[in-house]
Amino acid sequence: MNALSEFNFIEYKIDEDYEKDLRENREDYDRKFIERYNVLESNIWTVKHIKKAAINKGSKENTILWNVFGFLNIIAFDLVSVGYNLIFEEKRWQKIYYARQVALIISEALKDIPEVLGKNYKELFIGIDLAEDYLSELNKYKKELEVYKKTHLQKLYEIRINVSAHRDQDIDNQLNIICKIDPYKIIEAMNDFEVILRKISDHFQKLLVHTVKPEI
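**Student:** Help me out: how do you make sense of the side chain of Ser107 in this one?
**Tutor:** On the secondary structure map, Ser107 appears in helix 4 (residues 92-116). A polar contact is formed between the side chain of Ser107 and the backbone oxygen of Leu156, at a distance of 3.5 Å. Setting aside residues up to four positions removed in sequence, Ser107 forms contacts with Leu153, Leu156, Tyr157 and Arg160.

**Student:** Looking at this structure, how should I read helix 1 (residues 16-24)?
**Tutor:** Structurally, the α-helix is built with 3.6 residues per turn, so residues lying three or four positions apart point the same way. Those residues of helix 1 that fall on the buried side of the exposure criterion are Tyr18, Glu19 and Leu22. For helix 1, the angular spread of buried residues about the axis comes to 95°, placing them on one side. Opposite the buried face of helix 1, by more than 90 degrees, sit the exposed residues Glu16, Asp17, Arg23 and Glu24. The opening residue of helix 1, the one whose side-chain oxygen lies 3.3 Å from the backbone nitrogen of Asp17, is Asp15.

**Student:** What am I meant to see in the packing of helix 2 (residues 26-57) against helix 3 (residues 60-88) here?
**Tutor:** Axes are the key here: two packed helices are described by the angle between their axes and the distance separating the axes. Where helix 2 meets helix 3, the closest approach of the two axes is 9 Å, and the angle between their N-to-C directions is 155°. For the element pair helix 2 / helix 3, the angle class is roughly antiparallel. Crossing geometry of helix 2 relative to helix 3 is assigned as left-handed. The residue makeup of the contact of helix 2 with helix 3, split by class, is 18 nonpolar, eight polar and five charged.

**Student:** I keep staring at the pattern of salt bridges and nothing clicks. Help me out?
**Tutor:** Between side chains of opposite charge, a pair can form when the charged atoms approach closely. What the rule picks out here adds up to 11 salt bridges. Between Lys32 and Asp28 there is a salt bridge whose closest N-O contact spans 3.5 Å. Highlighted residues: Lys32 and Asp28, both in helix 2, separated by four residues, approximately one helical turn. Taking relative accessible area as the criterion, Asp28 reaches 31% and is therefore assigned partly exposed. Here Lys111 and Asp112 are joined by a salt bridge, their closest N and O atoms 2.9 Å apart.

**Student:** Any chance you could explain the packing of helix 3 against helix 4 here in plain terms?
**Tutor:** In contact at an axis separation of 9 Å, helix 3 and helix 4 are set at 165° when each is read in the N-to-C sense. Here helix 3 lies roughly antiparallel to helix 4, going by the angle between them. Between helix 3 and helix 4 the crossing geometry is left-handed. Along its contact with helix 3, which presents Val68, Phe71, Leu72, Ile75, Asp78, Leu79, Val82, Gly83, Asn85, Leu86, Ile87 and Phe88, the element helix 4 presents Lys95, Tyr98, Ala99, Gln101, Val102, Ile105, Ile106, Ala109, Asp112, Ile113 and Val116. Within the contact of helix 3 with helix 4, the residues separate by chemical class into 17 nonpolar, three polar and three charged.

The rules behind each value
Residues numbered from 1 in each chain as written. Predicted model: local features only at pLDDT ≥ 70, side-chain atom pairs only at ≥ 80, totals over all residues. Heavy atoms only, no water. Helix = DSSP H or I, 4+ residues; strand = E, 2+ residues; numbered from the N terminus. Polar contact = N/O pair within 3.5 Å; in protein donor to acceptor, adjacent residues only side chain to side chain. Contact = heavy atoms within 4.5 Å. Buried < 20%, exposed > 50% of the residue type's maximum accessible area, 1.4 Å probe, protein only. Arc of directions from axis to C-beta. Axes fitted to C-alpha atoms, helices over the stretch in contact; angles between N-to-C directions. Parallel < 35°, antiparallel > 145°, perpendicular 65-115°, else oblique. Left-handed = near helix turned anticlockwise from the far one by under 90°. Nonpolar A, V, L, I, M, F, W, Y, C, P; charged D, E, K, R; others polar. Salt bridge = Lys/Arg side-chain N within 4 Å of Asp/Glu carboxyl O.

See the structure below:
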C-alpha cells in the first residue's frame, strides 16, 4: 500500500460493538436522523415566518422569544448534520474532521446559550403569572448544561482553538491534538449535549405554542 494512501498515524481504537450496531441497524439510524432533520427544518421555517409577523406587528417580546427558539434549532440542525457524518464516516482523517467540527459547534453553543437565555431573556417574564414555574424548570436544564460544561468544555475547547477555528500554524501542534482525538468520545459528548439541548428546546416550544403563537 502506498504510504500516502492512508493517514495511518491516526490510531484511535475502533469501537467494534458500536460499529456493529450501526451496520445492523443502519436503516433505523437513518430513519431517526431523517425524522430529526424534518422536525428541525419545520421549526426553523416556522420561526422565520412568525418572527417576521412579530416584527411587523411591533411585538418586541415575541420577536425575542421566537428568535431564541430559532437560535436553538439552528444549533441543533448544525449538530445533527455534522453528527451524521461523524457517526457513519469510516475513513479516519475524515471522521476526525467531523469530530473537530462537532467540538467547534458545541464549544460555541456552550458560550452562546447562557447568553441568549440570560438577563434580557428573563426580563420578558417580569410580572407574568406562572413565569416562576417556567423559569424554574428552565434553570434546571441550564444547570445540566453547566455540569456538562465542567465535564467536557476544556477538551472540546482545546480542539476548537487549535484545529477547528483559529488553527495553530505549527502542524506538529495540530497533528499532536488531532491524533489524540477519540471520535467515539466526541460522539458520546455530542449525544449528551443533544439531550440537554432538546430539553431546553422542547420546554421552550411549550411556551411558544401555548402563550406566544396565538397572539401573533
